[in-house]
Amino acid sequence: MSDPYQPLKNAFARYTTGVTVVSCLPKDGKPVALTVNSFTSVSLEPTLVLWCLDNHTSIKPSFDESASYAVSVLASDQQAVSNRFATPGRHDVTPAESETFATGSPLLKGRLAGFDCEIVARHQAGDHVVLIGQVKHFDSRDGAPLIYSGRTYLTGTLITD
């Protein structure tokens, strides 16, 4: 079966992005996460970030019922983490691999940076929903980011403050 969107996907693959894992704590108390490359900053005052969630992903209901999300910016040594949370059916987050701050949504250990956010707006946009969050806690450390381009993982340059 031919994918009618393949040429468009090929064009998008030419854009280099960072790699994040976005998580939430749904009402059932079992945190879930998925790999995302649509994360971006929106505003410094107030501090807002956004990312886009596919309406067809199996864990969308978890994000629909959650009042918050957390974004873990992956370090260059976390390719296996990215692959895991990009795999359908492998979205559960364990307490051993995460930590929580203001909202209760888990941030992954070993991350390069983290943003714990309260959802302030949701906007339907085509086959995705845009989730805008106000940052309630953030952190970062020195290191090289995991980046993605041309359907391949790469290592970014060392970032220090």
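Note that this is a predicted model, so its numbers are computed, not measured. (Residues numbered from 1 in each chain as written. Predicted model: local features only at pLDDT ≥ 70, side-chain atom pairs only at ≥ 80, totals over all residues. Heavy atoms only, no water.)

**Observations regarding the pattern of salt bridges**
1) Next: Counted according to the given criterion, the structure contains five salt bridges.
2) Next: Two residues, Lys9 and Asp3, come together in a salt bridge whose shortest N-O distance is 2.6 Å.
3) Next: Judged by its relative accessible area of 26%, Asp3 is partly exposed.
4) Next: Among the charged side chains, a network of salt bridges with common partners joins Glu99, Arg111 and Asp139. (Salt bridge = Lys/Arg side-chain N within 4 Å of Asp/Glu carboxyl O. Buried < 20%, exposed > 50% of the residue type's maximum accessible area, 1.4 Å probe, protein only.)

**What to know about the state of the cysteines**
1) Next: Under the definition given, this model contains zero disulfides.
2) Next: In this model Cys24 remains outside any disulfide bridge; the closest cysteine sulfur is found in Cys117, 12 Å from its own.
3) Next: Of all cysteine sulfurs, the one in Cys117 lies closest to Cys52, which takes part in no disulfide; the gap is 14 Å.
4) Next: The exposure class assigned to Cys52 is partly exposed, which follows from its relative accessible area of 27%. (Disulfide = S-S within 2.5 Å.)

**A look at the pairing of strand 5 (residues 48-54)**
1) Next: Summarising burial for strand 5: five of the seven residues are buried, a large majority.
2) Next: Linking two consecutive strands that pair antiparallel, namely strand 4 (residues 40-43) and strand 5, is a turn of four residues.
3) Next: Where strand 5 and strand 10 (residues 128-140) come together, seven bridges link them in antiparallel fashion. Bridging across to strand 10, Trp51 finds its partner in Leu131. (Helix = DSSP H or I, 4+ residues; strand = E, 2+ residues; numbered from the N terminus. Pairing = 2+ DSSP bridges.)

**As for unusual backbone geometry**
1) Next: The amide bond that connects Glu45 to the next residue, Pro46, takes the cis arrangement and shows omega of 0 degrees.
2) Next: Checked against the element boundaries, Pro46 lands in the loop between strand 4 and strand 5.
3) Next: The phi dihedral of Arg151 falls on the positive side, at around 60 degrees, and the residue is not glycine.
4) Next: As for its position among the elements, Arg151 is in the loop between strand 11 (146-149) and strand 12 (152-155).

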